[in-house]
Amino acid sequence: MNSANKIDYETRPCKYAERRMLIASLSRIIGAENKTYQYIGFGGLSFVDFKLFHRELQVKKMTSIEGGDYSFSKLKFNKPFSCIEILQGRSCDVLNDINYTIPCIIWLDYDDTLSLEMFQDIEILLMNIPLGSVYIMSCNRQLQVSKGVPYSFKQLEDCFPGLVPENLPANCCTDAKASETICTMLKNHCDRIVNNRNRSSQAKASFQQLFNIQYDEIRGARMYTFGGIIEESNFNIKKLNIQDFDFIATSFPYNIDVPILTDREVSHLNHILNNESAEKELVSSGILEQRVINLYKRYYKFLPSFHDVRV
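Residues numbered from 1 in each chain as written. Predicted model: local features only at pLDDT ≥ 70, side-chain atom pairs only at ≥ 80, totals over all residues. Heavy atoms only, no water.

Things to note about the state of the cysteines
Here, the word disulfide means a covalent bond between the sulfur atoms of two cysteines. Enumeration over the complete set of coordinates arrives at 0 disulfides. Between C83, a cysteine without a disulfide, and C104, which holds the nearest cysteine sulfur, the sulfur-to-sulfur distance is 15 Å. (Disulfide = S-S within 2.5 Å.)

Structure follows, in structure tokens:
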């Protein structure tokens, strides 16, 4: 992954909010499962997720898969902790070299649009990871022949043979429907893989979807995140104690829309949070729109706070 040359992953507000949402829910899952986890992901040069997952989730065994053009020396120099093992190569090749005896938290945060390799990665992982493991993937959600021109249903089938359900609507690749289409394709694929796994295993498993998230970055990237947990077939998701998060197991993609606010506006909103009369005063004074206030109340626990610090 070479996107660190183009984007500072530490200062993308929607990405940051999503990252905090995942950490909040994963923290509860780890507590409910009462297991020691390893983390598998794409570190790049910034290793942002690795830093957070190590510090906040106490994950000590970590593997970074690096398929970009960076030298091993450069990657090793930039890794923040000695507990991170770096494996270079395409994910669909390198994933076969990982030891899956320890339960996994996996977040494959792809730079690109949906591809067949992503489905290959799912097959490798869901056939091997232990029960209690969490699989998450993110990708650019655009399903397009060229910029602004979505795939036709036939073109989608040609790109993903055997992976496209027949009952998708004709407009399934438009921006309004792309996340739903990707979700359906991924969920069906996960179910097929787990069914195949169950044929050769006495312990019957199921894949329960937890994450169905989309957002648009200010610079234009339209992203989608899918994920869930592999557990016993009769597992009750309520045991994970995450049902109070409104972004968990949503029927339709949960859209992250981070409001743009000044530090002064954020400070004041925190002070008057859920004080309806004070909120109406902000609206009537022309300081903020009610829509922006509602968005802040929805996401404020997960929003970043960026400051210029001289070191």
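Looking at the environment of G89
You can see G89 is positioned in the loop between β3 (84-88) and α4 (91-94). For G89, a relative accessible area of 27% translates into the label partly exposed. Through-space distance from the C-alpha of G89 to that of S25 is 30 Å; in sequence the pair is 64 residues apart. Non-local contacts of G89, meaning those with residues more than four positions away in its chain, are made with I65, E66, G67 and V94. (Helix = DSSP H or I, 4+ residues; strand = E, 2+ residues; numbered from the N terminus. Buried < 20%, exposed > 50% of the residue type's maximum accessible area, 1.4 Å probe, protein only. Contact = heavy atoms within 4.5 Å.)

What to know about the side chain of S133
Along the chain, S133 turns up in the loop between α5 (116-126) and β5 (134-140). Classification of S133 as buried rests on a relative accessible area of 0%. A distance of 2.9 Å separates the side chain of S133 from the backbone nitrogen of C104, its partner in a polar contact. In this structure the side chain of S133 is engaged in a polar contact, spanning 2.8 Å, whose partner is the backbone oxygen of P130. Excluding residues within four positions of it along the chain, S133 makes contact with Y37, P103, C104, G228, I229 and I230. (Polar contact = N/O pair within 3.5 Å; in protein donor to acceptor, adjacent residues only side chain to side chain.)

Concerning the confidence of the model for the chain
When pLDDT is averaged along the chain, the result is 92, and 94% of the positions lie at 70 or above. Contacts from residues 4-10, a stretch scored under 50 in pLDDT, to residues over four places away or in other chains number 16 contacts. (pLDDT = per-residue confidence, 0-100.)

Focus: the packing of helix α8 (residues 263-272) against helix α9 (residues 276-284)
At a minimum axis separation of 9 Å, α8 and α9 run at an interaxial angle of 150°. By the angle between their directions, the pair α8 and α9 is classed as roughly antiparallel. Two secondary-structure elements touch here, α8 through H268, L269 and I272 and α9 through A278, E279 and L282. (Axes fitted to C-alpha atoms, helices over the stretch in contact; angles between N-to-C directions. Parallel < 35°, antiparallel > 145°, perpendicular 65-115°, else oblique.)

Things to note about the sheet that holds strand β2 (residues 61-66)
Within the open sheet, the 8 strands sit side by side as β3-β2-β1-β4-β5-β9-β8-β10. Their pairing is mixed. The two strands at the open ends of the sheet, each matched to only one other strand, are β3 and β10 (254-256). For this sheet, the mean inter-axis angle between neighbouring strands, taken without regard to orientation, is 15°. As defined by bridge partners, strand β8 (residues 205-216) adjoins β10 across 3 bridges and the pair is classed as parallel. What sits directly across from Y215, in β10, is I256. (Pairing = 2+ DSSP bridges.)

Describing the environment of N198
Checked against the element boundaries, N198 lands in helix α7 (residues 175-199). Given a relative accessible area of 11%, N198 falls into the buried group. Sequence-distant contacts of N198, defined by excluding residues within four places in its chain, comprise A203, K204 and A205. A distance of 2.8 Å separates the side chain of N198 from the backbone nitrogen of A205, its partner in a polar contact.

Points about the packing of aromatic side chains
Enumeration over the complete set of coordinates arrives at 12 aromatic pairs. When the centroid spacing of 4.9 Å and the interplanar angle of 75° are considered together, the rings of Y39 and F50 count as edge-to-face. Taken together, the residues span a long stretch of sequence, with Y39 in strand β1 (residues 38-41) and F50 in helix α2 (residues 48-56) at a distance of 11 residues. Residue class for F50 comes out buried when judged on its relative accessible area of 0%. An aromatic cluster is built from Y39, F47, F50, F53 and W107, whose rings are joined through pairwise contacts. (Phe/Tyr/Trp six-rings, centres within 6.5 Å; stacked < 30°, edge-to-face > 60°.)

A word on the pairing of strand β9 (residues 222-232)
Summarising burial for β9: 9 of the 11 residues are buried, a large majority. For β5 and β9, the ladder comprises 7 bridges, and the chain directions are antiparallel. Along β9, the bridge assignment pairs N140 with M223.

Observations regarding the side chain of S91
Following the sequence through the fold, S91 ends up in helix α4. Using a relative accessible area of 8% as the deciding quantity, one classes S91 as buried. For S91, the residues in contact, after removing those within four places along its chain, are F42, I65, Y110 and D121.

So, the nonpolar core
Ranked by size, the top nonpolar core spans 46 residues in total, and within it L26, I29, F53, F211 and I256 carry the most contacts. Among the elements that take part in this core, helix α1 (residues 13-33) stands out by supplying 8 residues, more than any other. Not counting the four nearest positions on each side in its chain, F53 is found in contact with I23, L26, Y39, Q58, V59, M62, I105 and W107. Judged by nonpolar contacts, the second largest core, of 44 residues, contains I122, I129, M185 and A205. (Core = buried A, V, L, I, M, F, W, Y, C linked by side-chain atoms within 4.5 Å.)

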